[in-house]
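# Descriptive analysis of the structure
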Amino acid sequence: IDLGTANILVYTKNKGIILNEPSVVAVDTKTRQVIAFGEEAKSMIGKTPGSITVIRPLKDGVIADFDVTTDMLRMVMKKVGKKIGSSIRKPNVMVCTPSGATSVERRAIHDAVKNSGAKEVHLIEEPVAAAIGADLPVSEPIASVIVDIGGGTTEVGIISFGGVVSSNTVKIAGDRMDEDIIHFVRKQFNVLIGERTAEKIKMEVGYALVPHTLESMEVRGRDVMTGLPKTITISSVEVQETLRESLLSILEAIRVTLESCPPELSGDIVDQGVVLTGGGALLKGMQEWLSNEISVPVHIAPQPLESVAIGTGRSLVMMDKIQKVAR
Ligand code: ADP
Ligand code: MG
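Procedures and definitions
- Residues numbered from 1 in each chain as written.
- Chains lettered and ligands numbered in written order.
- Predicted model: local features only at pLDDT ≥ 70, side-chain atom pairs only at ≥ 80, totals over all residues.
- Heavy atoms only, no water.
- Axes fitted to C-alpha atoms, helices over the stretch in contact; angles between N-to-C directions.
- Helix = DSSP H or I, 4+ residues; strand = E, 2+ residues; numbered from the N terminus.
- Parallel < 35°, antiparallel > 145°, perpendicular 65-115°, else oblique.
- Left-handed = near helix turned anticlockwise from the far one by under 90°.
- Contact = heavy atoms within 4.5 Å.
- Near = heavy atom within 4 Å.
- Polar contact = N/O pair within 3.5 Å; in protein donor to acceptor, adjacent residues only side chain to side chain.
- Areas by Shrake-Rupley, 256 points an atom, 1.4 Å probe, with all protein chains shown as cover.
- Expected span 1.5 Å × (residues − 1).
- Buried < 20%, exposed > 50% of the residue type's maximum accessible area, 1.4 Å probe, protein only.
- Pairing = 2+ DSSP bridges.

Another point: the packing of helix 2 (residues 66-84) against helix 3 (residues 103-115). Relative orientation of the contacting elements helix 2 and helix 3 amounts to 45 degrees, with a least axis distance of 8 Å. Relative to helix 3, the element helix 2 is oriented oblique. Both helix 2 and helix 3 take part in a crossing whose hand is right-handed. Facing Phe66, Thr69, Thr70, Leu73, Arg74 and Met77 of helix 2, the residues of helix 3 in contact are Ala108, Asp111, Ala112, Val113 and Asn115.

What follows deals with the site of ligand 1. For ligand 1, the set of nearby residues contains 17 residues, the closest of which are Thr5, Ala6, Asn7, Glu199 and Lys202. Taking Thr5, its side chain carries an N or O atom lying 2.5 Å from an oxygen atom of ligand 1. Here Lys202 contributes a side-chain N or O atom positioned 2.6 Å from an oxygen atom of ligand 1. Burial of ligand 1 by the protein chains amounts to 89% of its free accessible area of 580 Å². Elements represented by at least two residues in the shell around ligand 1 include exactly helix 5 (174-189) and helix 6 (195-205).

With that out of the way, let us pick up helix 3. A rise of 1.5 Å per residue sets the reference length of helix 3, with its 13 residues, at 18 Å; its end C-alpha atoms lie 18 Å apart and thus fit the reference within 8%. Buried within helix 3 we find Ala108, Ile109, His110, Ala112 and Val113. Contacts made by the buried residues of helix 3 are with strand 1 (2-3), helix 2, strand 7 (93-97) and strand 8 (121-125). One or two residues past the end of helix 3 sits Gly117, with phi positive at roughly 115 degrees.

Next up on the list: the sheet that holds strand 13 (residues 216-223). Within the open sheet, the three strands sit side by side as 12-13-14. Their pairing is antiparallel. Since the sheet does not close on itself, it has two edges, and those belong to strand 12 (191-192) and strand 14 (229-235), each with one partner. Pairing between strand 12 and strand 13: two bridges, direction antiparallel. The residue bridging Val191 from the neighbouring strand is Asp223, located in strand 13. Lying on the sheet, helix 5 is in contact with strand 12 and strand 14; it crosses strand 14 at an angle near 110 degrees.

So this is what it looks like as structure tokens:
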């Protein structure tokens with residue numbers, strides 16, 4: 001399971017990725033019961049009556065609401081069970097944890113998965129999983145650098161010999177970019193837009209700090225003055241300027257991690273470069289901008305939104321094999 005702040009993915013040994021949904025739940029405000037999950041719940045963001053709240057239980061990279069996270073995982077297990085048939089009652093689960101997570105936070109992730117119906121729960125550090133998923137030589141004494149730009153956090157990890165040598169996490173990633181856009185539209189046009197609209201703007205006309213051909217997009221929101229719906233046109237240059245500060249914070253996190261790299265491994269980084277993963281890797285111009293800034297090669301993982309789930313799944317298969325041999 002890749003229990004991401006924006007998306008939750010489940011990978012099984014035989015079928016690969018069989019579930020990929022936003023990590024969003026809709027909860028009945030009175031009973032605290034979860035009434036919808038995933039895409040269905042995400043489509044409710046900003047549109048629900050007072051009796052329903054839409055929650056992203058992992059928003060800042062760690063479990064913010066334990067009970068809701070457990071309920072969400074139960075729904076995930078149920079959905080997965082339906083897809084593969086009743087053949088798995090109590091599955092062995094490998095779940096990834098952010099590299100900056102404290103032992104208490106790790107325990108919470110472990111327990112939430114266990115409570116949702118798993119037999120055994122194993123944890124793997126996310127940068128390691130991402131590196132395995134991106135086909136990097138993790139088990140060799142060669143440094144691999146993973147930059148995972150997700151929803152709530154950007155994680156930078158240097159991996160060698162199957163473990164994290166050095167890592168750094170900042171709470172600036174896709175969600176912050178969406179917030180930046182909301183603030184900009186409010187300030188510049190006096191118009192309020194929601195999270196989903198901001199995300200759409202980012203995906204369609206958002207650029208990292210690279211030269212590009214001007215694009216624009218029509219956006220609807222609510223005029224702060226009149227309270228009425230209003231359509232505005234936002235340009236890619238405006239969006240780019242809006243994202244500047246968050247992008248620079250991400251760059252700084254990468255720089256700091258690279259600087260803390262043991263000198264013996266620095267040489268590998270110059271050769272191998274850095275691999276970008278997570279949804280943020282898909283921001284237009286990201287690869288080009290980062291390779292200009294850090295002057296080492298920058299690659300994008302083959303499937304940025306899926307590599308953590310793929311790597312987590314593969315590591316469970318590897319562990320099964322090791323355990324069988326041991327037995
Ligand atoms: P997490 O691991 O935290 O669940 P993901 O790796 O699934 O996060 O990435 C989700 C983030 O990536 C969201 O903020 C989403 O808006 C962003 N994202 C997805 N696709 C794109 C894109 N094409 N351009 C820019 N950002 C994107
Ligand atoms: Mg992730």
